[in-house]
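Fold and contact review
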Amino acid sequence: AGEGSAPVPGDGAGPAAPERVLFPPTFSVSEIKNKQRRHFMFLRWKQQQRKEKLALKKKRRKEREALGDKAPPKAIPKTIENQRVYDETTVDPNDEEVAFDEATDEFAPYFNRQTVPKILITTSDRPRGRTVRFCEQLATVIPNSHVYYRRGLALKRIIPQCIARDFTDLIVINEDRKIPNGLVLSHLPDGPTAHFRMSSVRLRKEIKRKGKEPTEHAPEVILNNFTTRLGHSIGRMFAALFPHNPQFIGRQVATFHNQRDYIFFRFHRYIFKSEKKVGIQELGPRFTLKLRSLQKGTFDSKFGEYEWIHKRREMDTSRRKFHL
């Protein structure tokens, strides 16, 4: 090269030029006044963030492969769930007080196999088509359940009739603007009664890649993350809806999964593809519940005594505080 020519990176004539950083550390998209330019630069910035994250992930994977067995254990990522604020009512399975409560509460006859679940599913007054179809599909999930459509009959008159006919639970599906939006679950004859807000309802025909219609086999029941005393009571209410002995030949599973106080319901059928692989098909319906209140005794909106009521302004002060 002649005199005054710049050194070529990598030819040994001088250090390689550092890679140009697209966005400096002090860069702020909000300082850009032009809206279109600001949106374009934000997308570029997000793209760079993704590339840096993937490069760091690839680098760490190579380091772990190089270290082999000497590699340090993987760091557990921080989530809202594992950063949860400790609740003093968290249930210890070995607690004698919890065992005594379970032996004497309203669900003890069911868990002692003295009663067989018999469920009445009803609706708000004069239900519309979507609510009717949801109740019919829910009845195929819960064995020994019967659907009754209300025509102006008050719940206070329905409950004594249910008790006289040996029903163990009453489920009421409420609707608003033709959409199911609430569920009341009352354990008979002595309560308690839980009121839930219902959302994200999907009927069978609305579920993609769904399996065939469910069979009449009693399903297995899975209850996840009901860890506090309140959550323990709600979990026992759901468990008491299903027979004790599931029919495993049907390969059907009803799941109530609690995450951040939202209860997600799913109904699946599984099949063992091999000794290690299991395939599942969702059968439907699916819905999400949010507990609003838990009331002692059967349904009584005026004079009922409440064990727990969700008060948003007082209770929702922290995103890491959960009640179930």
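Residues numbered from 1 in each chain as written. Predicted model: local features only at pLDDT ≥ 70, side-chain atom pairs only at ≥ 80, totals over all residues. Heavy atoms only, no water.

Note the following rule: UniProt positions are given in the numbering used here, feature names are shortened, and annotations may be inferred rather than shown by experiment.
By the naming in an unreviewed UniProt entry, the chain goes by Ribosome production factor 1 and is assigned to Copsychus sechellarum. Under the UniProt heading Function (unreviewed entry), the entry covering the chain gives this text: "May be required for ribosome biogenesis."

1. What to know about the environment of Val98
The criterion, for reference: What counts as a helix is a DSSP run of H or I of at least four residues, what counts as a strand is a run of E of at least two, and both are numbered from the N terminus. We call a residue buried when its accessible area falls under 20% of the maximum for its residue type, exposed when it is over 50%, and partly exposed in between, using a 1.4 Å probe and counting protein chains only. Two residues qualify as a contact provided that any one of their heavy atoms is within 4.5 Å of a heavy atom in the partner residue.
In this structure, Val98 sits in helix 2 (residues 96-104). A residue is classified by how much of its surface remains accessible, and Val98, at 5% relative accessible area, is buried. Between the alpha carbons of Val98 and Arg229 there is a distance of 8.4 Å; along the sequence they are 131 residues apart. In this structure Val98 touches Val91, Asp92, Arg229 and His232, once residues within four positions along its chain are discounted.

2. Focus on the pattern of salt bridges
If the charged atoms of two oppositely charged side chains come close together, the side chains can form a pair. What counts is decided by this rule: Put simply, a salt bridge is a Lys or Arg side-chain nitrogen that is within 4 Å of an Asp or Glu carboxyl oxygen.
In the structure shown here, the tally under the stated rule is 8 salt bridges. Put simply, Glu102 and Arg236 hold a salt bridge, and the shortest N to O gap is 4.0 Å. With Glu102 in helix 2 and Arg236 in helix 6 (residues 229-239), the pair connects residues that are 134 residues apart, well separated along the chain. A relative accessible area of 28% places Glu102 in the partly exposed class. Overall, Arg236 belongs to the buried group, its relative accessible area being 9%. Two residues, Arg130 and Glu206, come together in a salt bridge whose shortest N-O distance is 2.6 Å. Residue Arg130 is found in helix 4 (residues 129-141), and its partner Glu206 is found in the loop between strand 5 (193-202) and strand 6 (220-224); the two are separated by 76 residues along the sequence.

3. What about the side chain of Asn258?
Cut-off, in case you're wondering: Think of a polar contact as two N or O atoms within 3.5 Å of one another; within protein, one of them needs to be a possible hydrogen donor and the other a possible acceptor, and neighboring residues in sequence only count if both atoms come from side chains.
Checked against the element boundaries, Asn258 lands in strand 7 (residues 252-259). Of note is the side chain of Asn258, whose polar atom sits 3.3 Å from the backbone nitrogen of Asp261. Beyond its immediate sequence surroundings of up to four residues, Asn258 is in contact with Asn224, Asn225, Phe226, Ile263 and Leu324.

4. Some remarks on unusual backbone geometry
Residues other than glycine predominantly adopt negative phi, and peptide bonds predominantly adopt the trans conformation. In this structure, the amide linkage connecting Leu188 to the following residue, Pro189, adopts the cis form with an omega of 5°. Assignment of secondary structure puts Pro189 in the loop between strand 4 (179-187) and strand 5. A positive phi angle, close to 55°, is found at Ser200, a residue other than glycine. Relative to the elements of secondary structure, Ser200 occurs in strand 5. Positioned with a positive phi, Asp261 is a non-glycine residue whose angle comes to about 70°. Following the sequence through the fold, Asp261 ends up in the loop between strand 7 and strand 8 (262-272).

5. A short note on the state of the cysteines
Our working definition: Working definition: a disulfide is two cysteine sulfur atoms within 2.5 Å of each other.
For the structure shown, the criterion picks out 0 disulfides. No disulfide involves Cys135; its sulfur sits 14 Å from that of Cys162, the nearest cysteine. Of the residues examined, Cys135 reaches a relative accessible area of 0% and is grouped as buried.

6. Focus on the nonpolar core
Note the cut-off: The term nonpolar core refers to a set of buried residues drawn from Ala, Val, Leu, Ile, Met, Phe, Trp, Tyr and Cys, joined through side-chain atoms within 4.5 Å.
In this structure, Ile171, Phe196, Ile234, Phe238 and Ile263 are the most contacted members of the largest nonpolar core, which totals 39 residues. With near-sequence residues (within four places) excluded, Ile234 lies in contact with Ala194, Phe196, Phe226, Ile263, Leu291, Leu294 and Leu324. Core analysis: the second largest hydrophobic core is formed by 11 residues, Leu120, Ile158, Ile159 and Leu188 among them.

7. Section: the packing of aromatic side chains
Rules: Side-chain rings of Phe, Tyr and Trp, where Trp is taken by its six-membered ring, are said to pair if the distance between their centres is within 6.5 Å; with planes under 30 degrees apart they count as stacked, over 60 as edge-to-face, and otherwise as tilted. As a reminder, the over-ring test applies to NZ of lysine and CZ of arginine, requiring each to be within 6 Å of the ring centre and within 35 degrees of the ring normal.
One pass over the full model with this rule turns up 10 aromatic pairs. Ring geometry for Phe42 against Trp45: centres 6.1 Å apart, planes inclined by 35°, an arrangement best described as tilted. Here the residue Phe42 and the residue Trp45 both occupy positions in helix 1 (residues 35-67), the gap between them amounting to 3 residues, near one helical turn. Judged by relative accessible area, which is 28%, Trp45 ranks as partly exposed. One aromatic cluster is present, formed by Phe134, Phe196, Phe226, Phe238, Phe242, Phe256, Phe265 and Phe287 through successive ring pairs. If you follow Lys118 out to its NZ or CZ, it ends over the ring of Phe167, 4.6 Å from the centre.

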